[in-house]
Amino acid sequence: MTKLTINSVKNSKIDHVNFNELPFGKVFTDHMFSCDYVNGEWVNPTISEYGPISLDPSARVFHYGQAVFEGMKAYKDENDDIFLFRPEDNFDRINKSAHRLAIPEFPKEFFFEGLEQLLLLEKEWIKTGKGNSLYIRPFVIATQPAISASPAEEYKFMIICSPAKSYYAGEVRVIFAEEYSRSANGGVGYAKAAGNYGAQFYPTSLAHKEGYQQIIWTDANTHEYLEEAGTMNIFFRVNDTLITAPTSDRILDGITRKSVLQLAKDNNIATEVRPVSVAEIKEAANNGSLKEIFGSGTAAVINPILGFKHGDFKFELPALTDNNYSSFFKKALNDIQYNLAEDKHQWRHKVTK
Ligand SMILES: *Cc1c(COP(=O)(O)O)cnc(C)c1O
C-alpha cells in the first residue's frame, strides 16, 4: 500500500466562515482527500488543499455518469472528541454502489486512513453543540479520457467536507408519485449513483410548483406502493405501529433507517417492514389512525412530513403530540451521535490518530 501524502495548508480559511449562517453544502473545509485508480490499482492517496481539479473533457463521468457517492457526518462531543456514526456501513455501501456501476472497489485501509487523517486536520471545522456537524462526501468518478461507452479504466476517489448546522429542511409536504419513477426492478435505485439524483430534479421541480417540497416515490410498475423519498427512507406511524417498506434493488438501504428500526425494537415500539400501499395510508388518513410520516437520512436524521397529496386527495398530518416518534428517534439518534447516550450497538466510531 502506498503511503498517504499530506500537504496541509498554511493558512486556514476558517476565520472567513460565519458558522452561524451556514447554507447546507456550500462551504467546504481547507483540505480534501484524493486517490487515483490507474493500471488496475489505487495509488497516490493524498490530502491536499481543497480546490478545483482538472479533468479531460472526454472523461467518462461527463458522458456516462459513472459516479457514486456517500453521505456521512462527523460529530464532536464536549471533550472535543470526534465521532463518526456507523462509518463501516458507508464504506460497504460505496463499494456496493461502485460494483453496480462497474467501478473498482476502494480499499478499506485507504478509506479509513484518508477519512480519519482528513478529519483530524479539519477538527476546528467540527463545532461542539447539538446540531453542529461536519457533512462528509466521499465520491468516485470515472476520469479516463475516452468517450467509448464502456467502463473506464481510470477513476478518482475523493472526500470533501462541509460544515453543517442543524439541518432544517423547512416544512415538508410531499406528493405520492403517480407518473414518474425513481428506480425500477433490476436498476440502480439501491446505489448512491449520481444519475439517480439528477433524474429526480425535474419531477421534483413540478412538485415545487404545486407547493410540495418532495416526492415519495412509488413502485414503478403499479405506483401503488410507497417506497422512499429522494434522499430519505420513509416511515409511517399508523396508531402506534411504525411501518416502512423493505429494502430492495429499488430502495436505498439507509443507515438511519436501519438504526431507527433497531431503536424501535430496543424501545418496544412495534414495527412492520413490508410493502406499504398508497390505499392503506389514505384509508388510515381518513379514519384518523395515521399519526405521523417522517423521512430518515444522514442530512436531517429525522424529518417530519406535514402533509401529502395523491391525485386530488390532500391530507394534513395531525399536530405532533408529546410522545411523537419523530422527535423521539431524532433525540435518541443524536444522543448516540454526540456521545451523550450509551452506545449499545457500537455505532459510534471515535476518530483517533
Ligand atoms: C442516502 C439516501 C438515503 C438515506 O441513507 P442514510 O444512510 O440514512 O443517510 C435514503 N434514500 C436515498 C435515495 C438516499 O440517497
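Looking at an unreviewed UniProt entry, one finds the protein named Branched-chain-amino-acid aminotransferase, with Aurantibacter aestuarii as its source organism. In the Cofactor (unreviewed entry) part of its UniProt record, the protein is described as follows: "pyridoxal 5'-phosphate". You can read under Function (unreviewed entry) in the UniProt record for the protein the words "Acts on leucine, isoleucine and valine."

Participant: So what about the pairing of strand 12 (residues 233–238)? Which residues, and what values?
Facilitator: Within strand 12, six of the six residues are buried, leaving the element largely enclosed by the surrounding structure. Burial of the side chains of strand 12 extends over both faces: Asn233, Phe235 and Arg237 are buried on one face and Ile234, Phe236 and Val238 on the other. Here strand 12 pairs with strand 13 (residues 241–244) via four bridges, running antiparallel. Residue pairing in the sheet places phenylalanine 236 in a bridge with isoleucine 243 of strand 13. Taking the residues between adjacent antiparallel strands as the criterion, strand 12 and strand 13 are bridged by two residues, where asparagine 239 takes a positive phi near 50°.

Participant: Account for the domain arrangement of the protein, with residues named and values stated.
Facilitator: What the domain assignment lists for the protein is domain 1 (5–164) and domain 2 (173–337). Using C-alpha coordinates to define each centre, domain 1 is positioned 28 Å away from domain 2. Taken together, the contact pairs 21 residues of domain 1 with 23 residues of domain 2. For the pair domain 1 and domain 2, the summed buried surface comes to about 1900 Å²; carbon and sulfur atoms form 61% of the total. When residues of domain 1 are sorted by the area they lose upon contact with domain 2, Phe85, Arg93 and Arg100 head the list and together hold 32% of the total. Viewed at the interface, domain 2 and domain 1 are joined by two salt bridges.

Participant: Which residues make up the state of the cysteines, and what values go with them?
Facilitator: By the definition in use, this model includes zero disulfides. Among the cysteines around cysteine 35, which has no disulfide bond, cysteine 161 carries the closest sulfur, lying 16 Å off. Residue cysteine 35 is classed as buried on the basis of its relative accessible area of 0%.

Participant: Residue-level account of the site of the ligand, with values.
Facilitator: Near the ligand there are 16 residues, and of these Lys192, Tyr197, Glu228, Thr256 and Thr298 occur at the shortest range. Contacts to the ligand include isoleucine 255, whose backbone N or O atom sits 2.8 Å from an oxygen atom. Bound to the protein, the ligand loses 97% of the 390 Å² it would expose on its own. Taken together, the elements giving at least two residues each to the shell around the ligand come down to helix 5 (255–266) and strand 16 (290–297).

Rules of the game
Residues numbered from 1 in each chain as written. Predicted model: local features only at pLDDT ≥ 70, side-chain atom pairs only at ≥ 80, totals over all residues. Heavy atoms only, no water. UniProt positions renumbered as here; feature names shortened; annotations may be inferred. Buried < 20%, exposed > 50% of the residue type's maximum accessible area, 1.4 Å probe, protein only. Helix = DSSP H or I, 4+ residues; strand = E, 2+ residues; numbered from the N terminus. Pairing = 2+ DSSP bridges. Domains from an automatic or database assignment. Contact = heavy atoms within 4.5 Å. Buried area = accessible area lost by both parts, 1.4 Å probe. Salt bridge = Lys/Arg side-chain N within 4 Å of Asp/Glu carboxyl O. Disulfide = S-S within 2.5 Å. Near = heavy atom within 4 Å. Polar contact = N/O pair within 3.5 Å; in protein donor to acceptor, adjacent residues only side chain to side chain. Areas by Shrake-Rupley, 256 points an atom, 1.4 Å probe, with all protein chains shown as cover.

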